[in-house]
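# Structural description and commentary
Take a look at the letters that make up each chain.
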Amino acid sequence: MERRQLLKQMAASSAFASAQAVFPGITFAAPKSNASLEGVAWKKAPCRFCGTGCGLLVGIKGSKAVAVKGDALSPVNKGLCCVKGYHAILALYGSDRLTKALVRKNGKLSPAPMAEALDLVANRMKETIAKYGKDAVAIYGSGQWTVPDGYAAAKFFKGGIGTNNVEANARLCMASAVTGFMSSFGLDEPMGCYEDIDHADVFVLWGNNMAEMHPVLFSRLLDQRMNRPGVKIIDLATRTTRTSLASDRLMLFHPQTDLALANAIAYEIIRNGWHNKTFLEKHVSFWTGKTNIGYGLEDKFAFEDKGEQVSFQRFQQLLEEYTPEKVEQISGVPVKDIRFLASLYGDPARKVTSFWCMGVNQHTRGTWMNNLIYNIHLLTGKISTPGNSPFSLTGQPSACGTVREVGTLTNRLPHGVVSNEADRKMAAGIWKVPVDRIPAMPTYHTVEMFRALDRGDIRFLWIQVTNPMVSMPKLRRYRDAANKEDRFIVVSDVYPTPTTDIADVVLPSAMWIEREGMFGNSERRTQHWEAMLPPPGEAMSDTWQLIEIARRMGHGQLFPWTKENHVEEIYKEYSKFHSGAKHEMGSYEDLKKHSGVIWPFVNGKETKWRYHAKYDPAAKGDSFDFYGFPDHKARVWFRPYEPAPEVPDKAYPFWLNTGRVVEHWHTGSMTRRIPVLDKAMPKAYVELHPDDAKALAIRDGDRVRLTSRRGSLVLAASIDKRGRPAKGMVFVPFFDEGILINELTLDSFCPISKEPDYKKCAVKVEKA
Amino acid sequence: MKLTLRRRLILIGCASALMLATISVIGESVRASWKEAKLSGEPSQEQPSIPVEGGVFRLIQKALAYKNAPETDAGRQLNGYYGRRAFPGAPPVIPHPTFDERSIGGKACMGCHAEGGFVPFLKAYAPVTPHPEMSNCKQCHASGHQEPGRTPSPFASSRFDPLPPPAIQGAALPGAPPPIPHSLDMRSNCLACHAGPGAPKQIRTSHPERVNCRQCHVQNVPGEPAAPFFQNRGSEPSWEP
């Protein structure tokens, strides 16, 4: 790495001078940055973007970030990044960076001193509480909140104001993973870690375009396949992607039928006797839950699952509906392919790792899909050991570290749930607040929070580090809600976005390495970085904004810290929630020293595989111990196939699928301000299957009108470029705030996790 | 010619050894294929290909060989590489004599250009084609070979002034991965031109084993109209041509 760096630097500096002499006619572009790497200090930080959590080394010179390289000491990425990571620092320097507070006066946002804006926010919050009650104020954060941001928000709202109106956009991306873990294992987050990649023989990707969305992890898969004979990558998908083209086998299934496919694999494993009988007897119990559970389309939709323990025989009987022959009819995957896939999972000689992300989680049966993948790994006993790993990936840098571990969701606390008295007592004890301050009832999950804003149940909403006016499904309803009379919206962000457009006050935030913080990635790794740069203008960290408002509202005693020590003190206080072998966090000093630390971090040692006594100090006995449940058994759930709420019909004959591209991260507010990435991917488009395009006389680049029951927009057709959707499906990436595809999507969600399904609704397609 | 008994015996011995070897090889492969068949079989679903997207992985199986190969300098330079193209992106001419004027190229060209390797009579490493699926080579690649002793054509001179070739090393930051400065049509197989001894040294990658090239290198084609990020300040969604 160092050598390559040096070579590049030498080439960059000498190339221009000698180019003309050595290669007449060849020009070398002058490096766009004139910064010489001499005198550059390299400081470690996790990447700002996805949930992989690559270790970066940021080159700092004076008060500027000048370069990025991969941190060779990080076990996540071992020195490699993706194109977003390598250019991450450019996201700090967009020319329209917010450096001053903005306050809406006579309908227009105008600059105001930060102190004045903070006073206004605090006063408005107090007035709202006085007029409408404490449950009329809410905070909506994100999986990009650092650990201290999320902790300050939870402590201020739940322990100070006394409302459970705390949610985060991670509800839109990994809530199903959480409920999946909770219902199958009783504890959240993966049992394995990225090191599983170095041991697995087969990788099964469930609706997950890793080559673009988790490219650094995918490069580790490709490395393994190149260096170890017999390693196979199987892509289960509804759309042909870059991942499909790199995999050994693509299996295309009809949208929503992954439920049936997973059941058919389980059926086939049992039919062939490939299930691990001793493992099942000792470590697994079998359950059924409610069926026909609805889709959450109506306001105030309520659902609670109820499990019932059943025998293995009963479970086996229920699976009879899912023979490969029947599932071929449902899913379109041929019997032979289903059997092949089952044989890979079932072969005792092969270690299997499954990866999934939004395809499984953003699903009206997302919790069920998570359960069903765990079922396969539990039936075969391929879990909690190196290479045998059902692995749920995340899309945001601290979806795990902040939203899941700090618990910035309406029903959660840093440890446990609000509905549990012991958990409330623990929080009240550590926060030094009366226990009845923390309400026992959860209030609104994200979609319902925006519906409450529409109805007027919520009057004040503070949005930090996220862009819901691009990312909410069925967008128009929620944008109209925010624009209603007597709604007060505060937005903390780093750039103007469609969300700052609906704000009454915009607070400029210090971004990423302009402040100290921690993120927690998909493999339970907590990573710390120091403040490396001064924030521009009056920009202030989200944590400190929260503390400023809390102090103005009389909750200053919750945050008795200084600007210098508050991150360290918050982390130390927060760590108390997780003490013990099941979730011990690395100390603040450990975090400063290492390129991330995996929890549970017990006696200076990372727990790479949970629930197995060989690797996990919390596990009792000599092998598996699923200690998340009182009977120390993991749960296999029977979950049936149920159709999607809105399926293509005569009027709207196409599925609409949405997602991302490698160049842009989420709503693009950062990556589109990185010129290299903007140029590479300037606009959203709609992908069509070539046969559908031909039937509609649409050629690549033509204007196409997409219409759903909720909205309509016109965009350019893309045929056989980045991806190819199945026949009868179109795909649109959601990064483009100029082409708001979420105007068309449906706000149906998984009744258990309350996570919306962005992958399936019905549209019509016309040449525009 | 009369064979001696000794020679006959040797021949018979060789033949039987060969037969035994053949039988054992066939047996082994049958066994292996049976084992494989039990668990795999051929895919029964369509496995779509998107050339412009999938090309990057096409030479994946050679990446390790490229990585482990000793540094060989075929003497191919970037100026020569561009010198064979009328303008950046034009199909290069064939710089050497070809063997069958009537053929479309096909197998004859692919003999060297599918896999690459040293060609003794030209004393050069053959460059690898990024689009081996196209076999009518001479449809686009004309002969640029000048027969020795032939008078230059009176039509040879031209006032055509080609654009300069794309700049290389256009990284946005010191040490950042340089973007791809060219179109990917028929050139999506990165390793073909950027790895191995047939690749011009100036554009040869230092890390051919990182096969998902486009994880780090994105396309920024100079000259193509840049579409600066359009900020949609609360207006209605619209399509910008």
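The coordinates are above.
The text that follows walks through the structure, step by step, so that each part is easy to find. (Residues numbered from 1 in each chain as written. Chains lettered and ligands numbered in written order. Predicted model: local features only at pLDDT ≥ 70, side-chain atom pairs only at ≥ 80, totals over all residues.)

## Considerations on the sheet that holds strand β5 (residues 108–112) of chain A
Residues and elements named next belong to chain A. Strand order in this open sheet of 7 strands is β5-β4-β18-β17-β16-β6-β7, and the pairing throughout is mixed. The outermost strands of the open sheet, each flanked by one partner alone, are β5 and β7 (166–168). Taken over all neighbouring pairs, the strand axes of this sheet differ in orientation by 20° on average, direction set aside. Alignment of strand β6 (residues 137–141) against strand β16 (residues 460–464), held across 4 bridges, turns out to be parallel. Looking at the pairing, V137 lines up with F460 of β16. (Pairing = 2+ DSSP bridges. Helix = DSSP H or I, 4+ residues; strand = E, 2+ residues; numbered from the N terminus. Axes fitted to C-alpha atoms, helices over the stretch in contact; angles between N-to-C directions.)

## A short note on helix α16 (residues 399–407) of chain A
In an α-helix, one full turn covers 3.6 residues, which means residues spaced three or four apart are oriented alike. With 9 of its 9 residues buried, α16 of chain A lies for the most part within the structure. Those residues of α16 of chain A that fall on the buried side of the exposure criterion are A399, C400, G401, T402, V403, R404, E405, V406 and G407 of chain A. (Buried ≥ 20, exposed ≤ 12 C-beta atoms within 10 Å, placed from the backbone.)

## As for the packing of helix α9 (residues 258–271) of chain A against helix α13 (residues 335–346) of chain A
Residue and element names in this part refer to chain A. In contact at an axis separation of 9 Å, α9 and α13 are set at 60° when each is read in the N-to-C sense. Classified by chirality, the crossing of α13 by α9 is right-handed. Counting all contacts with α9, which are made through L261, A264, I265, E268 and I269, the residues of α13 involved are I338, R339, L341, A342, Y345 and G346. The residue makeup of the contact of α9 with α13, split by class, is 8 nonpolar, 1 polar and 2 charged. (Left-handed = near helix turned anticlockwise from the far one by under 90°. Contact = placed C-beta atoms within 7 Å. Nonpolar A, V, L, I, M, F, W, Y, C, P; charged D, E, K, R; others polar.)

## Things to note about the packing of helix α18 (residues 446–455) of chain A against helix α20 (residues 475–482) of chain A
Residue and element names in this part refer to chain A. Viewed as axis vectors pointing N to C, α18 and α20 meet at an angle of 50°, and their least axial separation amounts to 8 Å. Considering their axes alone, α18 and α20 lie oblique with respect to each other. Crossing handedness for the pair α18 and α20: left-handed. On α20, the residues touching F450, L453 and D454 of α18 are R477, Y478, A481 and A482. (Parallel < 35°, antiparallel > 145°, perpendicular 65-115°, else oblique.)

## Things to note about the environment of Q224 of chain A
Residues and elements named next belong to chain A. The residue Q224 is located in helix α7 (residues 215–227) in this model. Residue Q224 is classed as partly exposed on the basis of its 18 C-beta neighbours within 10 Å. In this structure the C-alpha to C-alpha distance between Q224 and E421, which are 197 residues apart in sequence, comes to 47 Å. Once you skip the residues sitting within four places of it in the chain, Q224 turns out to touch I197, D198 and V231.

## Observations concerning unusual backbone geometry
All names here are of chain A. Across the junction of W599 and P600, the peptide omega takes the value -10°, indicating a cis bond. Inspection of the secondary structure assignment puts P600 in the loop between β21 (597–598) and β22 (601–602). One non-glycine residue, K78, adopts positive backbone phi at about 50°. Among the secondary structure elements, K78 is positioned in the loop between β3 (64–70) and α2 (83–86). Under the C-beta neighbour-count criterion, K78 is labelled partly exposed, with 18 such atoms within 10 Å. At A697, a position not held by glycine, the phi torsion is positive, near 55°. On the secondary structure map, A697 appears in the loop between α25 (690–695) and β27 (703–707). On the neighbour-count criterion, A697 (8 C-beta atoms within 10 Å) is exposed.

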